[in-house]
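Residues per chain are reported as follows:
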Protein chains: 2
Amino acid sequence: MTEANKKLTQLKELGEFGLIDRLTKDIKIKHASTVKGVGDDAAVLDYTDKELVVTTDLLVEGIHFDLTYTPLKHLGYKAVVVNLSDVYAMNAIPKQITVSIALSGKFSLEAVELLYSGIHKACEHYQVDLIGGDTTSSVTGLAISITAIGEVEKGQAVYRNGANPGDLICVSGDLGSAYAGLQILNREKAVYQVNPNSQPDMSAYDYVLERQLKPEARKDIVEALKKAAIKPTSMIDVSDGLSSEILHICKQSNCGAKIMDADLPIDAQTMHVAEELNMDASLLALSGGEDYELLFTINPDDLTKINLVEGVQVIGEIVPADQEVRLYGKSGGSTAITAQGWNAYS
Amino acid sequence: MTEANKKLTQLKELGEFGLIDRLTKDIKIKHASTVKGVGDDAAVLDYTDKELVVTTDLLVEGIHFDLTYTPLKHLGYKAVVVNLSDVYAMNAIPKQITVSIALSGKFSLEAVELLYSGIHKACEHYQVDLIGGDTTSSVTGLAISITAIGEVEKGQAVYRNGANPGDLICVSGDLGSAYAGLQILNREKAVYQVNPNSQPDMSAYDYVLERQLKPEARKDIVEALKKAAIKPTSMIDVSDGLSSEILHICKQSNCGAKIMDADLPIDAQTMHVAEELNMDASLLALSGGEDYELLFTINPDDLTKINLVEGVQVIGEIVPADQEVRLYGKSGGSTAITAQGWNAYS
């Protein structure tokens, strides 16, 4: 045992309630809708005059994250962000989260506190209250389950099923960068396993790595759309890749889509990584996933208004269902878009 | 591969979305407060004029359940019940749940459907809407994370911190039986491992086994208290054992408690198992856990009313903090009650 290890606190010394006390002692409630937070059988909320949205995600070590290159603080932050992203995708504002974690014996209190420091940081940044959760042990590895609750004015929630032929298809930010970052991390992990003394210079990849390790949810876009008086006809967040998400919208809205390859927003660093790894940049943008951007459709009358919203790109148009969901290349040819999103069971 | 195995559907054939479609296709919404259930980034709820309660639990294979003797359908049912029990413990009525599961490759579609059949059965029995969730893979084993949402009239939530000296301590049902059932299951598992052909006669243990494998949440007690016009001063559900729960109430209410050993409700079958296993029946009742009964305190003026509520036993009295939390024996002596609840990390 090294000196550093000696100082770490074993979770069994604390017990479940000791750990909960430690992790929740500094929580300050931010919202009047949080009547009672952590510390009882359940939290109590007051959502008079608003509709609530509720979403949940379960992240599992070895499936969704690799602790060899994911700092625990970043992981905590990202675990919150992926849930908030779903709330924003409903045109709602997140207000509360619950956090449950299962931990194997390999984790010390200090490791759990690092994870929670990222969770708390996300709660601060996005102004959400941590109102409850569960901590338990696991046989192997770490699992994090987060439920996020948000509010929206009655009737203002935006679903996946409201797109109509003629609507413009818009996406925020850029696509494929998080997946590009993942590819770089996996490459460097392989190099490290061969030569643990390698000191890679990662400065050329700073943007794509940050997109993978510390994504942000597009609160700013939801706020900007509201300010611009645009209510999208449909909306979804890009977690599994653009292809998968546009197919969800088209399936639920019973329509097709025409996506213009030339209009896909791709960052220069993503382009560079794609070239370096001999991958097609458009394919990265379509199938990469974990972008946590917002994909939405708007009435064509809102074109002038959307052009004034920073960070949004019009990438195509909703068409009748019989025209399928197709990607139109620069030369005019087109190919059908099929789901190449992540299959958790393959 | 046996014939039976050949017919099972591998999850990778379905993919995540195929699995979700399959598991959620028969869901019918029961509540007007469920504006939108499964199928979007988040569910949408309308809780005008009510307060909401929110609770969450994470169950992990090898820690909370053992699939060698837990039927998957029972597991699904129990996973829902343990969350609903927390909602009832707030004096609230559960209305919606989200369910997230992580599954390793050893599970077939049919296995997952069995698990969900138990989840759906609990949703029917307790009249709650399944409104969302997440399904993903895991490296090993099964994890289930459920969040339950319920409603309560404004100001009617009952917390852990409202007990006052002089209040009567009450508990529903009986205690220790679920833990007695667990001991029997563990004993029979050990026998089975030595002799796989053993055919144990479990009929003498039917009650304690059901309490362990298929517990119920005490919806009836919350309804009966309301009907009797009793609002408890504090309430908690018995998941970790009576000792642990009364300590929670006393810590949060800043008081002590006098618990009468002779008044602890213990079923005859639990008594019998305790004797058979050479365990103290009172200790089972105090430390067993997983009873999912309600432990609550009432104003002494409500004694006449509580005596008319079936299935509730008065087991003691709240006392000032300096008198500690103590168990009073039949002979008059007393011992301090300390938490012997489950420590997930030991």
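Predicted model only: the values in this text are computed from it and were never measured. Once a new chain begins, its residue numbering starts again from 1 and follows that chain's sequence as written. The order in which chains are written sets their letters, starting at A; the order in which ligands are written sets their numbers, starting at 1. Whole-chain, interface and lining totals are the exception, using all residues; otherwise, since this is a predicted model, local features are given only for residues with pLDDT of at least 70 and side-chain atom pairs are given and counted only at 80 or more.

Overview of the overall build of chain A
For chain A, the helix and strand inventory stands at eleven helices and 13 strands. Taken against the 2.2 N^0.38 rule, which gives 20 Å for 346 residues, the C-alpha radius of gyration of chain A at 21 Å falls within 12% of a compact globule. For chain A, the spread of C-alpha atoms along the three principal axes comes to 65 × 60 × 35 Å. Counting other C-beta atoms within 10 Å of a residue's own tells you its class, since 20 or more makes it buried, 12 or fewer makes it exposed, and anything in between is partly exposed; those C-beta atoms are placed from the backbone. Taking all 346 residues of chain A together, the buried fraction comes to 54%. Within chain A, contacts between residues at least 6 apart in sequence are counted, and of these 87% link residues at least 24 apart. Helix and strand assignments follow DSSP, with helices taken as H or I runs no shorter than four residues and strands as E runs no shorter than two, numbered in order from the N terminus. The quantity called the radius of gyration is restricted to C-alpha atoms. Its globule counterpart is 2.2 Å times the number of residues to the power 0.38. This entry defines residue contacts through backbone-placed C-beta atoms, with two residues in contact when those atoms are within 7 Å.

Quick notes on the interface of chain B and chain A
If you look at the interface, chain B gives 57 residues, while chain A gives 57 residues. When grouped by side-chain class, the residues that make up the side of chain B that touches chain A number 26 nonpolar, 18 polar and 13 charged. Gly is put with the polar residues, along with every residue not named as nonpolar or charged; the nonpolar set is Ala, Val, Leu, Ile, Met, Phe, Trp, Tyr, Cys and Pro, and the charged set is Asp, Glu, Lys and Arg.

Some thoughts on helix α8 (residues 242-253) of chain B
All names here are of chain B. Helices are assigned an expected span. That span is 1.5 Å times one less than the residue count. Across its twelve residues, α8 extends 16 Å between first and last C-alpha, which sits within 8% of the 16 Å expected from 1.5 Å per residue. Among the twelve residues in α8, ten count as buried, and that is most of the element. For α8, the set of buried residues is L242, S243, S244, E245, I246, L247, H248, I249, C250 and S253. Tucked into the core, α8 has its buried residues touching β8 (234-237), β9 (256-260), α10 (281-287), β10 (294-298) and β12 (325-328). Within two residues after α8, N254 carries a phi angle of roughly 55 degrees, on the positive side.

Focus: the nonpolar core
A set of buried residues drawn from Ala, Val, Leu, Ile, Met, Phe, Trp, Tyr and Cys, joined through C-beta atoms within 7 Å, is what defines a nonpolar core. Ranked by size, the top nonpolar core spans 214 residues in total, and within it V53 of chain A together with V53 of chain B carry the most contacts. For V53 of chain A, the residues in contact, after removing those within four places along its chain, are V87, M90, A92, G150, V152 and A157 of chain A together with A42, A43 and V44 of chain B.

Considering the environment of E324 of chain A
All names here are of chain A. Of note, E324 is situated in the loop between β11 (312-319) and β12 (325-328). On the basis of neighbour count, E324 is assigned to the partly exposed category, with 16 C-beta atoms found within 10 Å. Between the C-alpha atom of E324 and that of T335, which follows or precedes it by eleven residues, the distance is 9.9 Å.

Concerning the domain arrangement of chain A
All names here are of chain A. What the domain assignment reports for chain A is domain 1 (3-153) and domain 2 (168-336). For domain 1 versus domain 2, the distance between C-alpha centres works out to 27 Å. Of the residues forming the side of domain 1 that touches domain 2, the biggest block, nine residues, is contributed by helix α3 (residues 72-88). Residues belonging to the side of domain 1 that touches domain 2 are distributed by class as follows: eight nonpolar, five polar and two charged. The source of the domain bounds is an automatic or database domain assignment.

A short note on the relation of the copies chain B and chain A
Least squares is the method for superposing the copies, and the C-alpha atoms it fits come from residues with pLDDT of at least 70 in both. Its rotation angle being 180 degrees, the transformation that places chain B on chain A also includes 0.0 Å of axial translation and leaves an RMSD of 0.0 Å. Interpreted geometrically, this transformation is the action of a two-fold axis. Among all C-alpha atoms of chain B, that of T48 of chain B lies closest to the rotation axis, at 2.2 Å. Looking at chain B, 100% of its interface residues are interface residues in chain A too, so the copies touch through the same face.

Focus: unusual backbone geometry
All names here are of chain B. Positive phi outside glycine occurs at N91, with the angle close to 70 degrees. Here N91 shows up in the loop between α3 (72-88) and β4 (93-103). Using a count of 23 C-beta atoms within 10 Å as the deciding quantity, one classes N91 as buried. For E324, which is not a glycine, the phi torsion comes out positive at approximately 60 degrees.

What about the sheet that holds strand β3 (residues 50-60) of chain A?
Taken in spatial order, the six strands of this open sheet run β5(A)-β4(A)-β6(A)-β3(A)-β2(B)-β1(B), and their pairing is mixed. One side of each edge strand has no neighbouring strand; the edge strands of this open sheet are β5 (129-137) of chain A together with β1 (34-36) of chain B. With direction set aside, neighbouring strand axes in the sheet form an average angle of 20 degrees. Pairing of β3 of chain A with strand β2 (residues 43-46) of chain B involves four bridges; the strand directions are antiparallel. Within β2 of chain B, the residue paired with E51 of chain A across the bridge is D46 of chain B. This element, α3 of chain A, spans β3, β4 (93-103) and β6 (143-153) of chain A of the sheet and lies at about 30 degrees to β6 of chain A. Two strands pair if DSSP finds at least two bridges between them. In this analysis, axes come from line fits to C-alpha atoms, helices being fitted only over the stretch in contact, and the angle between any two N-to-C directions falls in the range 0 to 180 degrees.

Concerning the pairing of β4 of chain A
Of all the eleven residues making up β4 of chain A, eleven are buried; the element is thus mostly covered by neighbouring parts of the structure. Here a crossover is taken to be right-handed if, once the strands point away from the viewer, the path from the first strand over the helix to the second is traced clockwise. At this point the chain moves from β4 of chain A, through helix α4 (residues 109-126) of chain A, to the parallel β5 of chain A, and the crossover so formed is right-handed.

Concerning the sheet that holds strand β2 (residues 43-46) of chain A
If you trace the six strands from one edge of the open sheet to the other, you get β1(A)-β2(A)-β3(B)-β6(B)-β4(B)-β5(B), paired in mixed fashion. The sheet is open, and its two borders are formed by β1 (34-36) of chain A together with β5 (129-137) of chain B, each paired with just one other strand. Direction aside, neighbouring strands of the sheet carry axes that sit 20 degrees apart on average. As paired strands, β1 of chain A and β2 of chain A are joined by two bridges and run antiparallel to one another. In the strand pairing of β2 of chain A, K36 of chain A is matched with V44 of chain A.

Digging into the packing of α3 of chain A against α4 of chain A
Residues and elements named next belong to chain A. Packing of α3 against α4 brings their axes to within 6 Å, and their N-to-C directions diverge by 40 degrees. Considering their axes alone, α3 and α4 lie oblique with respect to each other. For the pair α3 and α4, the sense of crossing is right-handed. Residue-level contacts link L72, K73, H74, L75, G76, Y77, A79, V80, V81 and L84 of α3 to A111, L114, L115, Y116, S117, G118, I119, K121, A122, C123 and Y126 of α4. Looking at the contact of α3 with α4 residue by residue, the class counts come to 15 nonpolar, four polar and two charged. Roughly parallel here means an angle under 35 degrees, roughly antiparallel means over 145, roughly perpendicular means 65 to 115, and every remaining angle is called oblique. A clockwise turn of the near helix away from the far one marks a right-handed crossing, whereas an anticlockwise turn of less than a right angle marks a left-handed crossing.

Examining the environment of M271 of chain B
Residues and elements named next belong to chain B. With respect to the helices and strands, the residue M271 is situated in helix α9 (residues 268-276). The class of M271 is partly exposed, set by 16 C-beta atoms lying within 10 Å. Excluding residues that lie within four positions of it along the chain, M271 makes contacts with I266 and A281.

Things to note about the packing of helix α5 (residues 177-194) of chain B against α9 of chain B
All names here are of chain B. Look at α5 against α9: their axes get within 9 Å of each other, and the N-to-C directions meet at 45 degrees. By the angle between their axes, α5 is oblique relative to α9. α5 and α9 meet at a crossing whose hand is left-handed. For the pair formed by α5 and α9, the contact residues are S177, A180, Q183 and I184 on the first element and Q269, T270, V273 and A274 on the second. Its residues placed into classes, the contact of α5 with α9 shows four nonpolar, four polar and no charged.

Focus on helix α7 (residues 219-227) of chain A
One turn of the α-helix equals 3.6 residues, which is why residues spaced by three or four share an orientation. All names here are of chain A. Among the residues of α7, those classed as buried are I221, V222 and L225. Take α7 and look down its axis: the buried residues cluster within an arc of 100 degrees, on one side only. Looking at α7, the residues exposed on the side facing more than 90 degrees away from the buried face are E223 and K227. Elements in contact with the buried residues of α7: α3, β7 (168-172), β10 (294-298) and β11. For this quantity, the arc is that covered by the directions from the helix axis to the C-beta atoms.

Thoughts on the pairing of β4 of chain B
Residues and elements named next belong to chain B. Two elements, β4 and strand β6 (residues 143-153), share nine bridges in a ladder whose sense is antiparallel. From the neighbouring strand, T98 faces β6, where its bridge partner is T147. Pairing between β4 and β5: eight bridges, direction parallel. Each bridged residue has a counterpart across the sheet, and for T98 the counterpart in β5 is G132.

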